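Analysis of the macromolecular model
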Amino acid sequence: MNDLFKDRYVTAFTVNNDTQNSKWFIYPNGSVVETIRISVYKAHHAASSSISGLDHDNSYPLHYGSKVTIAPGETATVLILFSSDFFFAPIKITLQTQDEMEYLVANHNVILFICFGICLALGIYNIFVFIVMRDKQYLFYALSTLFYVSAWAAIFGVFEYLHLFSAKDWLMPGFLLGSAFSAFFQIEFFRLHVTSKRTMYLLLVLGCLCLLLLPLAFYSQAIGLLLVSIMSSAVLLTDLSVGVVAWKKGYRPARYFVFALLCVIVPNIIGNLLNLRILPSIGVDIYLLGFIGIAADSLVLAFALAEKMRLVNLRNTQLKSQLEQTVEFRTLALREANQKLAQSNQELVEANSAKDHFLANMSHEIRTPLTAIIGYADGILLGDIDKAEQERVTNIIYQNGAHLLRIINDILDLSKIDANKLDFHAEACHLFSLLGQIESVVGKRARDKGLAFHVDYKFPLPEQIITDATRLKQILFNLTNNALKFTHSGHICLQVSVEDAMLVINIIDSGEGISQSDLQKLFNPFTQADSVINRQVSGTGLGLSIAKRLAQGLGGDINAQSQPRKGSTFTITIRLNALDNTRWLTSVQDIAQINHRPTMPPSILPIYERCNVLLADDHPHNRELVALLLKRMNITVTEVADGQQALEAIHARQFDLLLLDIHMPTLDGVETLKQIRNSGNNTPAIALTANTMKHEVDYYLRIGFSDHLAKPIERDLFVAKIGRYLKLTVSVVTHIADDKMLPLIRRYISDLRNELNNIEQAWMNKDLVSIVESIHRIKGAAGSFGLANIGDIFKQIEKEAMNDDEIALEKNIAGALRYAHTCIDLPGVDVAKAIIHFNHALTPYLDQLPEVLTSTESLIDDAHQLAKVGDTAGAAALLTPLTQKFHENAFTHCSKYLEQLVNLLNQDAYCSESYNEVIHPMRNALESLSQALKNNIQGTEYIFN
């Protein structure tokens, strides 16, 4: 026979029994054989013969061979004929005693049926699991196990032993099917469609290839043997690599899977190598060992499935726990949302109630002054009030109108805060100057009411801080005014300290006090404390709410402590931002010595080469000042007074830069620029304007202006912006000489005096348009001549005039005019010189003036006393700092008397009358200046800011 596996073999051997045993069993094993004919020849005996094999009944179940009798000392010749269409492995022939064979068969068959039972039970069980769970991994596991066990049953001849059918055609197909479903099982078990698609495709190909090769295994068991050896080895090795990788990644069921594979790989690989004739025959029943490996594989894989099920259950438990926690969290969140909804509903009810209360309160607060205003106005119009009473009645109307205005302003302030539209502008400010303003205004009102008022400084304190001084003053005035309102006897104290990088100001009063229940709602809008007390003093209940929010905007807060009839303490805290180089004061004496004169470095003016600039401004002094600055930078300036003149100048020559005032007669700056741009001229143009609102500046830039400069002109910014558009040659340190600036300031003060008179006349005629025009001219120029404080004072007046608010104007315009007149006509002071001496600004001069007056009066008194006792040298020594102070502060009126005093001291002889003739006029002049400050300057800035 040419078939590698199909053949007939004959073997013969002689047996010499040298034992006492006569019953023997010839046991051929190690391969599947269809027919085995065993013949025994003995001397002097007829030959005996028996048939065994896959197709025949065997002496022992599931084992090939034949029983023979060989007497002790007898010799027999055994002839064995093997005839089969397939030989899967080398055949081994052993001679066993029948007792040994029975023991071996019993052991083998017990092992075989245990393995069959395990595999069948696991296969059937997992089919039921699949039916219940519809998880394909259980089906593939069951089919793989059942196909493997059926193949091994065919190998061992179980079907023939049970007389069911001949299974010799099923020897190899069962193994191919088992390998195919084993590959499919691995795909599902390791979820390779998610974790490793490349490995999934490999196993899928191997499994499908096993199914495709199935017909060849049915056609020829010999070919099937080759296919099974190759395909099962490929599947097993692939499965092993997948299991090892999964185990390394921490997948716990993979460890059982690897052990299971090792149980089947070792005997099957050995068996395949024996089947392929690569390994020589060994003394172990490899088929039995292979079947044990399959049974062990199935059993350990069951543990792997159980472990995976445990992990799935654990995961499900965790998910269930998470779901329960999520449900609990959502339930809690829903409960909280319901509580918040209920709270919001309650707050809405309370807000609605507060609105009703507010409307009722506002109705009362507004109607009360309106009743007086309308009633008295009707009385005047109808002639019910005598002319002698009209002045008193007009004052009542004004007071009620002013009260009505304060109510409206409070409501508007609160609306701005709620809408986050209230801006805070932090800049350096003198702490003690700010507190001094509060002390000056509130202290006077407190003393007028018979109350003691003082400021208690807890040193050390910084000389300067960075904050919004306007908002801080608003807070302080609000709280001190409240203290004045509710304190009828005793005292009011401001206590200032620094704690934990915060500026702390306590406002302590000995007033009515506040109950604990009222304290809790004190800072709520439209809320007041005891209603009986508040009906006596009136109010909207907005002040404290506004003050608290302003304090929070400054990085702090306001808190209150109080007891009924024991007074109150309101604590203001704001974030302390002190200048790096600021001085920290340690005593009251340090405050008296503060000199607020700023020191400014010399300005650096660039020098330009052959640059022509057109300057259009209707205000002659503004033009002169800007032109002077430009000329100092070697710039050729053409000055015009309106837009029409500017157009004519542009047609006549070419300019490198245009400076156009926005508000000009005949043709304003906007229309002028439009005509310039329409003509095709793209020369850079800068808008000069006092209107600095963002939307206005954006509009100027949008219509074609290259840039803008705010009035009053800030020197450094002006120089920087000019430099963007002109050709620079070299920079030098220079400044406008004082002798050239002084006549400019004097001429401007003269024009300003006339402008103030025009405002007074326009107010008498109720010509609000003229007032706005005059104020615009003041705002545009005052800052350039050191009088920015006057421009600032008139900002509010301009706003009130533009809004036709005659009630507010009636209240404020007279004070603004008095302030401005006093500033430019300070008694005994050359104001223009004072501005020059204090770096071209009147504000620092005014700030330090009260202290200067106090120190100069003290020096005069000391000098007089020394002269009286004959110490003329000591008196003369005091006149040196006095002369310096008079010069620095431009006390021109007092300076001539000081010269006379020096002459008197040089005469040695003391004459009381002569000294009085000199000293009394100086004292009177200083007293007049001090009174002008107190009556018309101090506190006015706060009122208008």
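- Going by what an unreviewed UniProt entry lists, the chain is known as histidine kinase and is assigned to Paraglaciecola polaris LMG 21857.
- Taken from UniProt, the Catalytic activity (unreviewed entry) comment for the chain reads in full: "ATP + protein L-histidine = ADP + protein N-phospho-L-histidine."
- Here the chain is described in UniProt, under the heading Subcellular location (unreviewed entry), as follows: "Cell inner membrane".

Focus: the overall build of the chain
- The number of helices and strands found in the chain is 32 helices and 23 strands.
- By the burial criterion, 46% of the 945 residues in the chain qualify as buried.
- If you take every contact in the chain between residues at least 6 apart in sequence, the share linking residues at least 24 apart comes to 73%.
- Just so you have it, the chain exposes about 46,900 Å², and 55% of that area is on carbon and sulfur atoms.

Examining the UniProt feature "modified residue: Phosphohistidine" (unreviewed entry) in the chain
- Under the UniProt annotation, "modified residue: Phosphohistidine" (unreviewed entry) lies at His 776.
- The topology assignment puts His 776 in helix H24 (residues 768-781).

As for the pairing of strand S9 (residues 452-457)
- The alternating pattern of S9 places Phe 453, Val 455 and Tyr 457 on a buried face and Ala 452, His 454 and Asp 456 on a face that is not buried.
- Relative to strand S12 (residues 491-499), S9 runs parallel, the two being bridged by six bridges. Within S12, the residue paired with Val 455 across the bridge is Leu 494.

Describing the sheet that holds strand S14 (residues 557-562)
- The five strands lie next to each other as S9-S12-S13-S15-S14, forming an open sheet whose pairing is mixed. The two strands at the open ends of the sheet, each matched to only one other strand, are S9 and S14. The average angle at which neighbouring strand axes cross in this sheet is 15°, direction not considered.
- One ladder, built from eight bridges, connects strand S13 (residues 502-509) with strand S15 (residues 568-575); its direction is antiparallel. Residue pairing for S15: Met 502 is matched across the bridge by Arg 575.

Considerations on the pattern of salt bridges
- Following the criterion strictly, the structure yields 16 salt bridges and no others.
- Here Lys 168 makes a salt bridge to Glu 34, at a shortest N to O gap of 2.9 Å. Of this pair, Lys 168 sits in the loop between helix H3 (158-161) and helix H4 (173-189) while Glu 34 sits in the loop between strand S2 (23-29) and strand S3 (35-42), and the two are 134 residues apart along the sequence.
- Residue class for Lys 168 comes out partly exposed when judged on its relative accessible area of 26%.
- Residue classification places Glu 34 among the buried positions, given a relative accessible area of 7%.
- Across the pair Lys 42 and Glu 74 runs a salt bridge whose closest N-O atoms are separated by 3.9 Å. Separated by 32 residues along the polypeptide, Lys 42 in strand S3 and Glu 74 in the loop between strand S5 (66-69) and strand S6 (75-84) bring together distant segments of the chain.
- Beyond isolated ion pairs, a larger network of salt bridges with shared partners links Arg 623, Lys 631 and Glu 639.

Remarks on the sheet that holds strand S21 (residues 685-689)
- Across the sheet, five strands lie side by side as S19-S18-S20-S21-S22; this open sheet has parallel pairing. Each edge of the sheet is formed by a strand with only one pairing partner; in this case those strands are strand S19 (635-640) and strand S22 (707-710). Sheet twist, expressed as the average angle between the axes of neighbouring strands with direction ignored, equals 20°.
- Pairing between strand S18 (residues 611-616) and strand S20 (residues 657-661): four bridges, direction parallel. Bridging from a neighbouring strand, Val 613 pairs with Leu 657 of S20.

Section: the confidence of the model for the chain
- Looking at the chain, pLDDT values average 80 and 85% of them are 70 or higher.
- Every residue in residues 595-603 scores below 50 in pLDDT, and together they form 17 contacts with partners more than four places removed in sequence or on other chains.
- Long-range and interchain partners of residues 729-735, a stretch whose pLDDT sits below 50, account for 21 contacts in this model, where long-range means more than four residues apart.

What to know about the packing of aromatic side chains
- In this structure the tally under the stated criterion is 26 aromatic pairs.
- What links up through ring pairs into an aromatic cluster is the set Phe 140, Phe 147, Trp 170, Phe 181, Phe 184 and Phe 218.
- We note Arg 134 situated over the ring of Phe 130; from NZ or CZ to the ring centre the distance is 5.7 Å.
- The ring of Trp 763 has Lys 766 sitting right over it, with the charged end atom 4.3 Å from the ring centre.

Points about the environment of Ile 286
- Note that Ile 286 resides in helix H10 (residues 286-382).
- The sequence separation of Ile 286 and Ile 270 amounts to 16 residues, and the corresponding C-alpha distance is 7.8 Å.

Things to note about the environment of Glu 102
- Looking at the secondary structure, you find Glu 102 in helix H1 (residues 98-133).
- Spatially, the C-alpha atoms of Glu 102 and Tyr 60 are 7.9 Å apart, while their sequence positions differ by 42 residues.

Conventions adopted
- Residues numbered from 1 in each chain as written.
- Predicted model: local features only at pLDDT ≥ 70, side-chain atom pairs only at ≥ 80, totals over all residues.
- Heavy atoms only, no water.
- UniProt positions renumbered as here; feature names shortened; annotations may be inferred.
- Helix = DSSP H or I, 4+ residues; strand = E, 2+ residues; numbered from the N terminus.
- Buried < 20%, exposed > 50% of the residue type's maximum accessible area, 1.4 Å probe, protein only.
- Contact = heavy atoms within 4.5 Å.
- Areas by Shrake-Rupley, 256 points an atom, 1.4 Å probe, with all protein chains shown as cover.
- Pairing = 2+ DSSP bridges.
- Axes fitted to C-alpha atoms, helices over the stretch in contact; angles between N-to-C directions.
- Salt bridge = Lys/Arg side-chain N within 4 Å of Asp/Glu carboxyl O.
- pLDDT = per-residue confidence, 0-100.
- Phe/Tyr/Trp six-rings, centres within 6.5 Å; stacked < 30°, edge-to-face > 60°.
- Lys NZ or Arg CZ within 6 Å of the ring centre and 35° of its normal.

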